[in-house]
Amino acid sequence: MNTSCSLCILTAVLLHLCLVPAPSAALLDPTTVSSVDIILDDTDYIRSSCKTTLYPDTCYHSLNHYATAVQQDAGRLARVAIGVSLAKAKRMSAFVSNLSREADYGAQPRAVAALHDCFSVFGDAVDQIRDSLSQMRTLGGSSESLRFQMSNVQTWMSASLSNEETCTDGFEDVSDDEPLKSDVCDRAQKVKEVTSNALAFINSFANKI
């Protein structure tokens, strides 16, 4: 091969190499790839954990936004779930309080009575969930102490769920065409679901201590 042809081939190869795009920084950066993998793993952890609850769809939709905060930690998952339950219970309590002030007293007397009962029991539920969250934030000490603290959390969250169920039970004898019934029970059911899910995670975490 003559010198002229060799130079032509070398020039062509160099030109080809110059035209090949360099890999993007994101593909070369292992930190970026690892972060994506971690986010996916954390989300999968939420999804798989929620499958153990009575309301997995509600569980996943209410908790998947907190995947990176949970970081595949059973204690954090329980704590975040309690926080979600508290937020929803507080909104429900405010909703029932407003309804109680604005209730149409031409409505069924039983519905009005059930509404006022809901206001009372949801107030108690909020206090119990708040106590549970406070306890979860200060867990510490010996194994015996931890078990005692978790026992408190289990007791309070169980009581809050019972109070929420008392609210909807009070409407059992109210006819379905009473607007108050659907307004209250539909919302209360959503709170009961997140509280039930939180309790499931609390029990699971307590069994690991």
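Each remark here, short or long, concerns the structure printed above.
Everything quoted here is computed from the prediction, not taken from an experiment.

**Concerning the nonpolar core**
Point 1. Counting 50 residues, the largest nonpolar core has Leu-63, Ile-82 and Phe-171 as its most contacted members.
Point 2. At the level of elements, α3 (30-50), α4 (56-63), α5 (67-70), α6 (74-102), α7 (109-137), α8 (143-169) and α9 (179-207) are the ones that each hand at least two residues to this core.

**Describing the state of the cysteines**
Chemically, a disulfide is nothing more than a covalent bond linking the sulfur atoms of two cysteines.
Point 1. Taken as a whole and judged by the stated rule, the model has two disulfides.
Point 2. Each sulfur in the disulfide pair Cys-50 and Cys-59 lies 2.1 Å from the other. The sign of the -70° torsion about the S-S bond sets the Cys-50-Cys-59 disulfide as left-handed. Taken as a pair, Cys-50 and Cys-59 share a single burial class, namely buried.
Point 3. One disulfide in the model links Cys-118 with Cys-167; its S-S distance is 1.9 Å. The disulfide joining Cys-118 to Cys-167 has a torsion of about 95° about its S-S bond and is therefore right-handed. Of this pair, Cys-118 sits in helix α7 while Cys-167 is found in helix α8, placing the two residues 49 residues apart along the sequence.
Point 4. By relative accessible area, Cys-118 is classed as buried at 0%.
Point 5. On the accessibility criterion, Cys-167 (1% relative accessible area) is buried.
Point 6. Taken N- to C-terminal, the disulfide-bonded cysteines of the protein chain are connected 1-2, 3-4.
Point 7. The thiol of Cys-185 is unpaired, and the distance to the nearest cysteine sulfur, on Cys-167, comes to 6.3 Å.
Point 8. You can call Cys-185 buried: its relative accessible area is 16%.

**Overview of the packing of aromatic side chains**
Point 1. In total, this model carries zero aromatic pairs according to the counting rule given.
Point 2. The ring of Phe-95 is capped by Arg-187, whose NZ or CZ atom sits 3.9 Å from the centre of that ring.

What counts and how
Residues numbered from 1 in each chain as written. Predicted model: local features only at pLDDT ≥ 70, side-chain atom pairs only at ≥ 80, totals over all residues. Heavy atoms only, no water. Core = buried A, V, L, I, M, F, W, Y, C linked by side-chain atoms within 4.5 Å. Buried < 20%, exposed > 50% of the residue type's maximum accessible area, 1.4 Å probe, protein only. Helix = DSSP H or I, 4+ residues; strand = E, 2+ residues; numbered from the N terminus. Disulfide = S-S within 2.5 Å. Phe/Tyr/Trp six-rings, centres within 6.5 Å; stacked < 30°, edge-to-face > 60°. Lys NZ or Arg CZ within 6 Å of the ring centre and 35° of its normal.

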